[in-house]
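# Residue-level structure breakdown
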Amino acid sequence: MKEIRCGTCRKLLMKSADRAIVGIIEIKCPRCGTMNSLRPLEPFSERQERHTPEKTCPGNSSSKTR
Ligand SMILES: [Zn+2]
């Protein structure tokens, strides 16, 4: 799930799945009144969170009990 936040005051506006947005969505922030336009390919908040694709490192030398 992706958090859609206001670009101005960072209020959480809604949550959506990754490909739930198929068109342009305009949502007005109830707090500051900013109209946030959401596009399906690139959300307005692109530097909000980093996703590191290599999260699972299979070559770790720490042997735990699995
Ligand atoms: Zn706002």
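Above this text sits the structure in question.
Residues numbered from 1 in each chain as written. Predicted model: local features only at pLDDT ≥ 70, side-chain atom pairs only at ≥ 80, totals over all residues. Heavy atoms only, no water.

## Some details on the overall build of the protein
The condition that has to hold: Going along the chain from the N terminus, every DSSP run of H or I of four or more residues is numbered as a helix, and every run of E of two or more is numbered as a strand. For the exposure calls, accessible area comes from a 1.4 Å probe over protein chains only, and a residue counts as buried if that area is under 20% of its type's maximum, exposed if over 50%, partly exposed in between. In this analysis, two residues are considered to be in contact whenever any of their non-hydrogen atoms come within 4.5 Å of each other. Using a 1.4 Å probe, the Shrake-Rupley method yields the accessible areas, and only the shown protein chains count as cover for residues.
For the protein, the count of helices and strands is zero helices and four strands. Within the span of the protein, comprising 66 residues, buried residues form 17% of the whole. Look at the contacts in the protein between residues 6 or more apart in sequence, and 24% of them connect residues 24 or more apart. Split by element, the accessible area of the protein, about 6,000 Å² in all, is 48% carbon and sulfur.

## Some thoughts on the side chain of asparagine 36
Counted only if it meets this: Any pair of nitrogen or oxygen atoms within 3.5 Å is treated as a polar contact; in protein, a donor-acceptor pairing is required on top of that, and neighbouring residues in sequence qualify only through side-chain atoms on both sides.
Mapping asparagine 36 onto the fold places it in strand E4 (residues 35–38). Here asparagine 36 falls in the buried class, since its relative accessible area comes to 5%. A distance of 3.3 Å separates the side chain of asparagine 36 from the backbone oxygen of threonine 34, its partner in a polar contact.

## Some points on the pairing of E4
Which entries qualify depends on this criterion: A pair of strands is treated as paired once DSSP finds two or more bridges between them.
Covered by surrounding structure in E4 are Asn36 and Leu38 only, the residues Met35 and Ser37 on the alternate face being uncovered. Here strand E3 (residues 25–28) pairs with E4 via four bridges, running antiparallel. Each bridged residue has a counterpart across the sheet, and for isoleucine 25 the counterpart in E4 is leucine 38.

## Topic: the coordination of the zinc ion
Six octahedral donors around a metal ideally make angles of 90 or 180 degrees; four tetrahedral donors ideally make 109.5 degrees. Put simply, the rule reads: Any N, O or S atom lying within 2.8 Å of the metal counts as a donor, and for Na, K and Ca the limit rises to 3.2 Å; water is left out, so some sites can look incomplete. All geometry calls rest on donor angles, where a four-donor set with angles between 85 and 135 degrees is tetrahedral, four- and six-donor sets with opposite donors more than 155 degrees apart and all others between 65 and 115 are square planar and octahedral, and all else is irregular.
Protein coordination at the zinc ion comes from Cys6 (SG), Cys9 (SG), Cys29 (SG) and Cys32 (SG), with a distance range of 2.3 Å. Metal-centred angles of 105 to 116 degrees between the four donor atoms at the zinc ion mark the site as tetrahedral. Counting the intervening residues between successive donors of the zinc ion yields the motif C-x2-C-x19-C-x2-C. Here cysteine 6 is found in the loop between strand E1 (2–5) and strand E2 (12–16), whereas its partner cysteine 32 is found in the loop between E3 and E4, with 26 residues between them in sequence. Classification of cysteine 6 as buried rests on a relative accessible area of 0%.

## Looking at the pairing of E1
Pairing between E1 and E2: four bridges, direction antiparallel. Note that in E2 the partner of isoleucine 4 across the bridge is methionine 14. Where E1 hands over to E2, the hairpin turn is made up of six residues, of which arginine 10 adopts a positive phi near 65 degrees.

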